[in-house]
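# Remarks on the overall topology
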Amino acid sequence: MTANAGGPRTVSKSETDDFRSETEQEDAPLGTPRVADPVIESRDLDVYYGDEQALHGIHMEIPERKVTALIGPSGCGKSTFLRSINRMNDLIEIARVDGELSFHGKNVYDDDVDPVALRRKIGMVFQKPNPFPKSIYDNVAYGLRVQGKADDVDEQVHTALERAALLDEVEDQLDSSGLDLSGGQQQRLCIARAIAPDPEVILMDEPASALDPVATSKIEDLVEELAEEYTVVIVTHNMQQAARISDKTAVFLTGGHLVEFDDTNKIFENPESDRVEDYITGKFG
Amino acid sequence: MTANAGGPRTVSKSETDDFRSETEQEDAPLGTPRVADPVIESRDLDVYYGDEQALHGIHMEIPERKVTALIGPSGCGKSTFLRSINRMNDLIEIARVDGELSFHGKNVYDDDVDPVALRRKIGMVFQKPNPFPKSIYDNVAYGLRVQGKADDVDEQVHTALERAALLDEVEDQLDSSGLDLSGGQQQRLCIARAIAPDPEVILMDEPASALDPVATSKIEDLVEELAEEYTVVIVTHNMQQAARISDKTAVFLTGGHLVEFDDTNKIFENPESDRVEDYITGKFG
Amino acid sequence: MSQAEETAEITTGGARGIDDRKNAAIRYVFFSCALVTVLTTLGIILVLIQGSVEFFQQVSILEYLTGTEWSPVIRPRSYGVLPLVWGTLIITVGSALIAIPIGTATAIYLSEYADPQVRKIVKPTLEILAGIPTIVYGFFALSFITPIIQYFVPDTGTFNAAAGAIVVGIMIIPMVSSLSEDAMSAVPDDLRNAAYGLGATKFEVSTRVVVPASLSGVIASYILALSRAIGETMAVTLAAGMSPQITTDPFEPIQTMTAYMVQIGISDVSVGSIGYQSLFAVGLTLFAMTLSMNLISLWIKSRYREEYQ
Amino acid sequence: ITRGKDSGLEGEIRMDGSNTVLPHGAVVSEEFQWRNNQVEIPVRGSGTGAGFQRFCGGETHAQNASRPILEEEQERCDRNGIEYVELETALDGIAVFANPANDWCESLTVDELARIWESGSDVETWNDVRNGWPDEEIELYGRDPASGTFDYFTEEITGEIGNIRSDYAASADTNVIVRGVRGDRHALGFGGAGYYYENEDDLKLLGVDDGDGSVKPELATIERGEYQPLTRPLYTYFRVDALARTEFRRFAQFYFEEIDGEATEADIVRPGEELTWTQWAARRVGYYAIPDEVRETSETKLADAIAEVQG
Amino acid sequence: MSTSNPFAEGTDDIERKRMIGRVFVAICFASTLVGIVALVALIADVLYESWGWVTWEFLTYPPSQVIENFLPGGRGAGIYPALVGSIFLIALTAVFTVFLGVGAAVYLEEYASENWLTSFIEANIANLAGVPSIVYGLLGLAIFVRGMQLGSSLVAGALTLTLLILPIVIVSTQEALRAVPDSQRQAAYGVGATQWQVIRDVVLPRALPGIMTGTILSLSRAIGETAPILMVGAATSLFVAPDGLTSSFSAMPMMIFEWATLPEPEFQHVAAAGIVVLLTILLLMNAVAILIRNRYDPRS
Ligand SMILES: Nc1ncnc2c1ncn2[C@@H]1O[C@H](COP(=O)(O)OP(=O)(O)OP(=O)(O)O)[C@@H](O)[C@H]1O
Ligand SMILES: Nc1ncnc2c1ncn2[C@@H]1O[C@H](COP(=O)(O)OP(=O)(O)OP(=O)(O)O)[C@@H](O)[C@H]1O
Ligand SMILES: [Mg+2]
Ligand SMILES: [Mg+2]
Ligand SMILES: O=P([O-])([O-])[O-]
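Computed from a prediction, not measured in an experiment: that's the story for all the values here. (Residues numbered from 1 in each chain as written. Chains lettered and ligands numbered in written order. Predicted model: local features only at pLDDT ≥ 70, side-chain atom pairs only at ≥ 80, totals over all residues. Heavy atoms only, no water.)

## Observations concerning the site of ligand 1
All names here are of chain A. Rules: Think of it this way: one heavy atom of a residue within 4 Å of a molecule or strand is enough to make that residue near it. Distance and chemistry together define a polar contact, namely a pair of N or O atoms within 3.5 Å, with one atom able to donate a hydrogen and the other to accept it when in protein, and with adjacent residues in sequence counting only for side-chain atoms on both sides. Residue-level accessible areas treat just the shown protein chains as cover; the underlying method is Shrake-Rupley with a 1.4 Å probe. Think of it this way: any DSSP run of H or I at least four residues long counts as a helix, any run of E at least two long counts as a strand, and we number them from the N terminus. Three classes are used: nonpolar for Ala, Val, Leu, Ile, Met, Phe, Trp, Tyr, Cys and Pro, charged for Asp, Glu, Lys and Arg, and polar for all others, with Gly counted as polar.
With respect to spatial proximity, 14 residues lie near ligand 1, and among them Ser-74, Gly-75, Lys-78, Ser-79 and Thr-80 are the closest. One of the backbone N or O atoms of Gly-75 is found 2.7 Å from an oxygen atom in ligand 1. Within the side chain of Ser-79, a nitrogen or oxygen atom sits 2.5 Å from an oxygen atom of ligand 1. Relative to its free-state accessible area of 630 Å², ligand 1 is covered by the protein chains to the extent of 61%. The element that contributes the greatest number of residues to the shell around ligand 1 is helix H1 (residues 78-85), accounting for four residues. Classifying every residue of the shell around ligand 1 gives six nonpolar, five polar and three charged.

## Considerations on the UniProt feature "transmembrane region" (unreviewed entry) in chain E
Residues and elements named next belong to chain E. Under the convention used in this document: UniProt positions are given in the numbering used here, feature names are shortened, and annotations may be inferred rather than shown by experiment.
The positions UniProt marks with the feature "transmembrane region" (unreviewed entry) are residues 23-44, 79-108, 120-144, 150-171, 229-250 and 270-292. Helix makes up 97% of residues 79-108 and strand 0%, and the two end C-alpha atoms of the span are 41 Å apart. Regarding residues 150-171, the helix share stands at 82% and the strand share at 0%, and the terminal C-alpha atoms are separated by 29 Å.

## Observations regarding the UniProt feature "domain: ABC transmembrane type-1" (unreviewed entry) in chain E
The residues that UniProt annotates with the feature "domain: ABC transmembrane type-1" (unreviewed entry) are residues 83-288 of chain E. Helix makes up 77% of residues 83-288 of chain E and strand 0%, whereas the separation of the span's terminal C-alpha atoms amounts to 19 Å.

## Overview of the side chain of Asp201(E)
Locating Asp201(E) in the fold gives a position in helix H8 (residues 195-223). Here Tyr142(B) takes part through its side chain, which lies 2.7 Å from a polar atom of the side chain of Asp201(E). Of note is the side chain of Asp201(E), whose polar atom sits 2.9 Å from the side chain of Arg200(E).

## With respect to the interface of chain E and chain C
Selection rule: Note on contacts: a residue pair qualifies if any of its non-hydrogen atoms lie within 4.5 Å across the two residues. Here the buried area means the combined drop in accessible surface, using a 1.4 Å probe, for two parts upon being joined, counting both sides. A pairing counts as a salt bridge when a side-chain nitrogen of Lys or Arg comes within 4 Å of a carboxyl oxygen of Asp or Glu.
In this assembly, 74 residues from chain E lie in contact with 70 residues from chain C. With both sides pooled, the region where chain E packs onto chain C buries about 6400 Å², and carbon together with sulfur makes up 79% of that total. The interface formed by chain E and chain C includes one salt bridge. Between Glu204(C) and Lys17(E) there is a salt bridge, with the nearest N and O atoms lying 2.7 Å from each other. By residue number, the principal contributor to the side of chain E that touches chain C is helix H1 (residues 11-50) of chain E, which donates 19 residues. Classifying every residue of the side of chain E that touches chain C gives 52 nonpolar, 18 polar and four charged.

## Quick notes on the state of the cysteines
All names here are of chain D. Basically, it comes down to this: Put simply, a disulfide is two cysteine sulfurs that come within 2.5 Å. For every residue, the accessible area obtained with a 1.4 Å probe (protein chains only) is divided by the maximum for its type, and the residue is called buried under 20%, exposed over 50%, and partly exposed between those limits.
Under the counting rule described, the total for this entry stands at one disulfide over all chains. The disulfide bridge from Cys-56 ends at Cys-77, spanning 2.1 Å between sulfur atoms. Linking Cys-56 and Cys-77, the disulfide has an S-S dihedral of approximately -70° and is accordingly described as left-handed. Here Cys-56, found in helix H2 (residues 48-56), pairs with Cys-77, found in helix H3 (residues 71-79); they are 21 residues apart in sequence, far enough to count as distant. Cys-56 gets classed as buried once you look at its relative accessible area, which sits at 0%. Judged by its relative accessible area of 0%, Cys-77 falls in the buried class.

## Considerations on the site of ligand 2
Residue and element names in this part refer to chain B. Within the structure, ligand 2 sits among 14 residues, and Ser-74, Gly-75, Lys-78, Ser-79 and Thr-80 are positioned closest to it. Residue Gly-77 places a main-chain N or O atom 2.9 Å away from an oxygen atom belonging to ligand 2. Burial of ligand 2 by the protein amounts to 62% of the accessible area it has alone, namely 630 Å². It is helix H1 (residues 78-85) that contributes the most residues to the shell around ligand 2, four residues altogether. Here the residues of the shell around ligand 2 sort into six nonpolar, five polar and three charged.

## What about the pattern of salt bridges?
Note that side chains of opposite charge can pair when their charged atoms are close. Tallied over the full model, the rule gives 57 salt bridges over all chains. Residue Asp90(A) pairs with Arg87(A) through a salt bridge whose shortest N-O separation is 2.9 Å. Given the relative accessible area of 12%, Arg87(A) is considered buried. Linking Glu181(C) and Arg119(C) is a salt bridge whose minimum nitrogen-to-oxygen distance equals 3.8 Å.

## Details of a negative patch on the surface
All names here are of chain D. As a reminder, the rule being used: Two joining distances apply to patches: 9 Å for like charges and 5 Å for nonpolar side chains (Val, Leu, Ile, Met, Phe, Trp, Tyr), and every residue must have over 30% relative accessible area and no salt bridge. Working convention for charge: Lys and Arg count positive, Asp and Glu count negative, and His plus the chain ends are omitted. Note on charges: their place is set at NZ of Lys, CZ of Arg, CG of Asp or CD of Glu.
A grouping of Asp-111, Glu-118, Asp-122, Asp-128, Asp-135 and Glu-136 is seen on the molecular surface, where their side chains present a negatively charged patch. If you trace the backbone, Asp-111 turns up in helix H4 (residues 110-117). Among the residues examined, Asp-111 registers a relative accessible area of 52% and is labelled exposed.

## Description of the packing of helix H2 (residues 20-58) of chain C against helix H3 (residues 80-111) of chain E
For clarity, the cut-off: Only C-alpha atoms enter the line fits that serve as axes; for helices the fit covers just the stretch in contact. Angles between N-to-C directions range over 0 to 180 degrees. For classification, angles of less than 35 degrees are called roughly parallel, those exceeding 145 degrees roughly antiparallel, those between 65 and 115 degrees roughly perpendicular, and all remaining angles oblique. In this scheme, a crossing is called left-handed if the near helix is turned counterclockwise away from the far one by less than a right angle; it is called right-handed if the turn is clockwise.
Between H2(C) and H3(E), whose axes approach to 7 Å, the crossing angle comes to 115°. By the angle between their directions, the pair H2(C) and H3(E) is classed as roughly perpendicular. Taken as a pair, H2(C) and H3(E) cross one another with a handedness that is left-handed. Residues Asn23(C), Ile26(C), Arg27(C), Val29(C), Phe30(C), Phe31(C), Cys33(C), Ala34(C) and Val36(C) of H2(C) touch H3(E), and the partners they reach there are Phe99(E), Leu100(E), Gly103(E), Ala104(E), Val106(E), Tyr107(E) and Tyr111(E). When grouped by side-chain class, the residues that make up the contact of H2(C) with H3(E) number 13 nonpolar, two polar and one charged.

## Focus: empty space enclosed by the protein
Put simply, the rule is: Using a 1 Å grid laid over the protein atoms alone, points where a 1.4 Å probe fits but cannot get out form a cavity; open sets with protein on both sides within 12 Å along at least 5 of 7 lines form a pocket; any residue with an atom within 4 Å of a point counts as lining. Grid points are joined across faces, edges and corners, and a volume is the space filled by probe spheres set on the points.
If you walk through the whole model with that rule in mind, you get seven cavities of 30 Å³ or more. Of the pockets and cavities examined, the largest cavity occupies roughly 600 Å³. Lining the largest cavity are 45 residues; nearest its centre among them are Asn19(D), Thr20(D), Ala172(D), Glu258(E) and Thr261(E). Elements that contribute at least two residues to the lining of the largest cavity include exactly helix H11 (234-239) and helix H12 (257-265) of chain C, helix H1 (22-35), helix H6 (148-158), helix H7 (174-182), strand E9 (187-192) and helix H8 (193-198) of chain D together with helix H10 (252-260) of chain E. Classifying every residue of the lining of the largest cavity gives 18 nonpolar, 19 polar and eight charged. The calculated volume of the second largest cavity comes to roughly 120 Å³. Mapped onto the lining of the second largest cavity, the elements with two or more residues apiece are helix H13 (274-307) of chain C, H2 of chain D together with helix H5 (133-147) and helix H9 (227-232) of chain E. For the lining of the second largest cavity, the element with the most residues is H2(D), which contributes three residues. Each residue belonging to the lining of the second largest cavity can be placed in one class, and the counts come to seven nonpolar, three polar and three charged.

## What to know about the pairing of strand E5 (residues 84-98) of chain D
Residues and elements named next belong to chain D. What counts here: If DSSP finds at least two bridges between two strands, the strands pair.
Of all 15 residues that make up E5, 12 are buried, and the element is covered over most of its length. By the bridge criterion, nine bridges tie E5 to strand E12 (residues 231-239) in an arrangement that is antiparallel. When the sheet's bridge partners are listed, Gly-93 is paired in E12 with Thr-231. Of the pairings in the sheet, the one linking E5 to strand E10 (residues 204-209) comprises three bridges and is antiparallel in character.

## Here we look at the sheet that holds strand E1 (residues 40-49) of chain A
Residue and element names in this part refer to chain A. Spatially, the four strands line up as an open sheet ordered E2-E1-E4-E5, and their pairing is antiparallel. Looking along the sheet, the strands with just one partner apiece sit at the ends: strand E2 (52-62) and strand E5 (106-107). Two elements, E1 and strand E4 (residues 95-103), share eight bridges in a ladder whose sense is antiparallel. In the sheet register, Tyr-48 faces E4, and the bridge partner there is Arg-96. Running over the sheet, H1 touches E1, E2 and E4 and is turned about 120° from E1.

## Here we look at the pairing of E1(A)
All names here are of chain A. Of all 10 residues that make up E1, eight are buried, and the element is covered over most of its length. Pairing of E1 with E2 involves seven bridges; the strand directions are antiparallel. Paired with Glu-41 across the bridge in E2 is Glu-61. Hairpin connection of E1 to E2: two residues between the antiparallel strands, including Gly-50 at a positive phi of 60°.

What follows is the structure, encoded as structure tokens:
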């Protein structure tokens, strides 16, 4: 796929001849489309926890300023894949990564890549809202401070809260604890915190699964908006959610295989694989 | 609804004139059908946790030897309702129940009802398999022993394991720990434990949500079989599951309201309420 | 099955429910066990007050609380408890200066950096320090710590507050390290992940997320450790001396409240004399001091619970 | 595991009191129990005061004391109907000692000691004690104010119990005083003479001059009553009614029985001497034997008490 | 595809933080060592002082005031009655504390509802845990020795130590009970067990390792306590081991304290030998507790 580096190139799903043959790439998911100048590209990515292999030869190209959804049944490796993008897996002692995962063409697993610097480019939002037990303001400012972006903190905090659609609700209580907010507000606070230092990519691991419907729909709206400025990769167990908000969808199935990766519409309306179809129509999971 | 106690009476959904007027019964769910000789009947049931009201005036009649599914988004009070049937809510200090919940016409919240005796009639299976750290045999025998049904324990244990479709798999390891089983087996063990003392009703709170698809489908088959002998009330967050296995479905929506209660087919094909329709088609949740 | 029968099976039918009588009896037995602790406190207060009343019939409370000379046996007699309180404070503050930084750093190391295997061994090993009989610490101070101090500060006498504070400090390190480590491990990984996700280094995660998040638990551990230091007896009796005086020089001998109590407890003063009664007055004062420390720690802990849900 | 011989006697004798006297009582009972192993004698050292409290409350049978019983304690005994017999059973010399590096001071007069130790003393340096001695601060070590040793020392030296300066380093453990003096060139301390003899290399023993010349506390000077005023008697009190019990009677009498071969030891028993257990025990644990006259008086008192209960 | 490293910017700053981080870890590690070094120094000091004095005779003979008896060729002297006394004391204390401690903890965790009485009892327990041990000595003296006329007996000593460690045992038992997952209780209630059946069959067995660990650790604290048994009146010199609840007793810390104050310098070694015996028992108890903890640790 290095041939792709040349420049923008529109590649549609129909260009099937562009695919490597099945024999060459057994694990390549069905219908993997080339993506124009992908921000993140994974090639033959295997992830192991100790002796257990959690991901098998994942190939994926994640497009810029789009929402890419990862769906699949519990334990299929969605979170694992997400964490391998910004090397959060480094923090899990037994986790081991093989293959390549590149960010703007640079393999993030190269020795000269500092994972801390990497994570400053790729923000992350987690399943359970996890604000620090600090004030709302300090929560948002934390990343700025850590990353040494300390001038104009005030302004940056406000901007981030604004973008996370939270400013109106908390403007006059910036000093109160982040833990005093409702679950949905907390999650938006975490999003504000993640975007405050202005990363390029935002990874979200089931950001709405712990929230009620109203809060969920707010987060969904937010995700769509964020895609105007950021590349968003989102894990969700809710297929309707994936259908609603994402441009691309990757379906992982049990055992850590990426079974299908394509435009969201395609996946939901006319998946290549029967297993994906079964999964999407709720035959299991 | 006490008028109902008289005897079997087939009431179909179409008999809308049978409903009390909306003004009389504001909280009555749409489409609540009368049930012939219901085993469990709740009337105007409110449940509070401290100052928070988790259930609002629930009316429901649960038919004998049928599977009744409770569905709804997270936090809507499904588990709360289930626990109020066998008074497991008594164990939550701040929980308080108003209104009536009757079992064979007897309000279980009357002063002269012994919750322990009640629970001996109404078995329960929980979301996470929770076998005791004892042998498989002792797990199943436990209920028999505490209920003083200690003759022929051997036979009863075997029968229960058989009915729970687990006997074949564990017959020659009855002495090994219940914890050594797989998740799905553990859950079936818990079902065997619940049915061993031969209750009338079995309450199940998302019994398959922690299991993989194969184990899930085994549990689903089992639930359908159990309905031949027991009244089953099952909470699930998986709508397809509810559609597959239940006869009646109750849809709770956020805030603790029972929005619709009807035959499962009706609910899934032609719900009365738009909100239920939205929920079922995955617009939120 | 008829409805009446059904109903009969779940109701108590006027009688008591299943094993109800037995359950009630068992509940009372357990309750009495819990009551023992209340009786213990009552007993302590009664015993201390009874002795103190006799003492305060002869000594004015004002003199006791404000006087700066303590010599209930040596003439001219004076009954100002402040020198003993001072001695106790010196030991407490001194041991805190040792145990708090060392214990906290140990806790951070164990919770954030150490391999789980290492933690599994080191934590209980350190806990042994808190379990070693304090009389052993007393001898350790005299035979090991004091000579070292004397090497650096040659004028130091055999008994000195510093040696007492050091051994007590060592003794309470594990209270700080273990309890703080518990608090730090209780910080959900979510928070660590959040910080890593923002591009924080491990150092920043430890010091700017974990420590602040566990602060109330950590502080509660300090207070518990300090209240142990206040109540510490044999080590200070042996190491810090028996000279009630208000001095800021840590190389001078002092006397703590507990050391005074041991001294009277095994002394030749006649029972019923004012010297003997002073034992109870000092005991009561000590009890009041640890009580207030414990109330503070309870208060902090209740805040701590709130914060985590 | 039981050690010693079974003599057929059995029972329990509880002994408490001064922890100074405790080793003496403990050695006697130790020897007694090796010979009568069914008699159980727990010995405690709660202190003379707390001991009398228990003794006069009828909790114990024998009481060690480093001072005679006080009036209020006596009243308590009377109230509880406890009759006792007071016996002098050993002598203790309170030694005054200095650091071995002290080459200026050989002895002190009682007056000098008083000036050093009395309450409000203005002696700060050795030079204040006697002209010509170094102008170095004296570091003072001594027993804690709650001890009988302290009571005796202050009474004899300064004329009144408890009349002592408050800025000396006090300890309940004489070993700790020894350590203090050993580690401090300008130190001066007091404590039981036995402690000096166990640490001769580390301490310098000073003579005490009460007008008849300087005397050092030695076996001879103490047992002959020449080391004054710092020789003090130690006492054992026995409960009279308990003497009716054979084993208790035998135990009390054992104090004044002659030692047997097993106990003879050259450095304790000098040739030609005939010692009783109490005398032998006193020397054994670093105290001094009561002179024979005193022993006879004590023995007679005991015999009278026994006669009274058996009477 | 570009091979330039997009992560090069800002890495100086990260490197600098890493340096600080390394220094910080070094400090934390050094602090951890302080505690361990102190422990090693303490044990080494004691072992050095006692070298050659811990003999079989030392373990099996009654104490003596005469140093020669401790030496080879002497009549034999040691710590036997105090050793047995301490063991009896601890065994008795264990019985009392397990009964009272588990009872109280079960009441607080399983029965008590959240009301002022419960919070009062819990606050009271937390406070008792911080009361100096010597105060318990005064209490034991007044209540058990005098009030209940038990005298300075084994049972009075054990009761005093019981009260001393009861709060710690209760708190650790509560923690063990809290660690029993609610799902286990619900499973039992769900099949119609009564509360007592739930506690007896499910909660207590499951919490047992935690309860044992906490209790043993507390007992190992009790075995080293000097001040309270000194106040209650353990005997300093005892020829025979205690043989009944009401017999007089001696205990190792008392013996050590006494030996250390005797004039002959050799007694310092005897005291050190006593400390070695005491520490050995204590470490054994800790080891057992750790073994139980590690074996049943739900986290491992
Ligand atoms: N820290 C870990 N240590 C060991 N195994 C792990 C770890 N995290 C995940 N796994 C295993 O890796 C596999 C994939 O897990 P992962 O969390 O990526 O799944 P997921 O698709 O995110 O599931 P879910 O929807 O439940 O979050 C699972 O089998 C899981 O048990
Ligand atoms: N023990 C409790 N104490 C206080 N509030 C509770 C408790 N249990 C449940 N609730 C509250 O009651 C409401 C209903 O909870 P319930 O557990 O019945 O929901 P549910 O429908 O079962 O949700 P889920 O699908 O997540 O299991 C929620 O708002 C919940 O926060
Ligand atoms: Mg996941
Ligand atoms: Mg639920
Ligand atoms: O031990 P004393 O008798 O000196 O208190």
